[in-house]
Amino acid sequence: MMAGEVSSLTIIGYVESPYKEKFAVPRQPNLATEARGKICLTQDFSRPELFTGLEKFSHIWLIFAFHLAKQNNRSMVRPPRLGGNQKVGIFASRSPFRVNNLGLSCVEFKGFENKTNGLNLLVAGLDLVDGTPIYDIKPYLPYADVITTATSGFAESAPTAELSVEFEAGLNNQLKACEQVYPGFKTLLIQVLGQDPRPAFHSDPERIYGVALVNWNVRFSVNKHSLMVCDIQPLTGSNDTL
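All values reported here derive from a predicted model rather than from experimental measurement.

**Student:** How do you make sense of the packing of helix α2 (residues 172–181) against helix α3 (residues 185–193) when you look at a structure like this?
**Tutor:** How two helices pack is summed up by the angle between their axes together with the distance between the axes. Contact pair α2 / α3: the axes reach a minimum separation of 8 Å and the direction vectors enclose 105 degrees. Taken together, the axes of α2 and α3 are roughly perpendicular relative to one another. On α3, the residues touching Leu175, Cys178 and Glu179 of α2 are Phe185, Lys186 and Leu189. Broken down by class, the residue content of the contact of α2 with α3 amounts to four nonpolar, no polar and two charged.

**Student:** Teacher, can you tell me more about the packing of aromatic side chains here?
**Tutor:** Given two aromatic rings, one states the distance between the centres and the angle between the planes to describe the pair. The full count for this structure, using the stated rule, is seven aromatic pairs. The ring of Tyr182 has Arg36 lying over it, and the distance from NZ or CZ to the ring centre is 4.2 Å.

**Student:** Please explain α2 as it appears in this structure.
**Tutor:** Think of an α-helix as 3.6 residues a turn; residues three or four steps apart then line up on the same face. For α2, the complete set of buried residues consists of Gln174, Leu175 and Cys178. Seen end-on, α2 carries its buried residues on one side only, within an arc spanning 95 degrees. α2 presents Asn173, Lys176 and Gln180 as exposed residues on the side facing more than 90 degrees away from its buried surface. Tucked into the core, α2 has its buried residues touching β9 (164–167), α3, β11 (216–223) and β12 (226–234).

Analysis parameters
Residues numbered from 1 in each chain as written. Predicted model: local features only at pLDDT ≥ 70, side-chain atom pairs only at ≥ 80, totals over all residues. Heavy atoms only, no water. Axes fitted to C-alpha atoms, helices over the stretch in contact; angles between N-to-C directions. Helix = DSSP H or I, 4+ residues; strand = E, 2+ residues; numbered from the N terminus. Parallel < 35°, antiparallel > 145°, perpendicular 65-115°, else oblique. Contact = heavy atoms within 4.5 Å. Nonpolar A, V, L, I, M, F, W, Y, C, P; charged D, E, K, R; others polar. Phe/Tyr/Trp six-rings, centres within 6.5 Å; stacked < 30°, edge-to-face > 60°. Lys NZ or Arg CZ within 6 Å of the ring centre and 35° of its normal. Buried < 20%, exposed > 50% of the residue type's maximum accessible area, 1.4 Å probe, protein only. Arc of directions from axis to C-beta.

Structure (structure tokens):
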């Protein structure tokens, strides 16, 4: 082994997220502010003294694994912000298909949750799928982490909502029930689906898509710039009834 080479990484926790699958996860953090979740720490790292002082910070960095992405052996990828039809080098992108499958995400820190089985960190603005392994947590430092003169090659600003999100009239009762379990669920749907989670090559207005969010399977269709949520049903195995 060469000097300085890391042989292994230790998982310190796992993400509990409203995103139950890769589909529809925002491509960057804080694009869906209603995406709230937890970092459930493993037993070895669930000691409060490890996090003394973190309560003074509003945001934290998460170093994690793209555990559902295959290891990438390609040198170039097609970023969604370039329409999926232009290539850039893998190290000039934030693609999850990386040599070591490591990711970096800055999320809002909402405090601690003490449970009988350990300590959890409450976070918001997640862009991580449920079950994501966490390798490290660091406080966000505005004076060091905000570079006002920085430029970016093909993503100069945050993406705007591409679709207007509407709900069929018959879903009012379902949405109210969802809000009882996950306050802000309707807003979460608007934030997530408005970014158009479909692959770039999908444009069939007759197609019905489904996405697993929180405890529900949300079905929708897209016609030009309008997205219609047409059904909300409990996920298989969920105890939530509508």
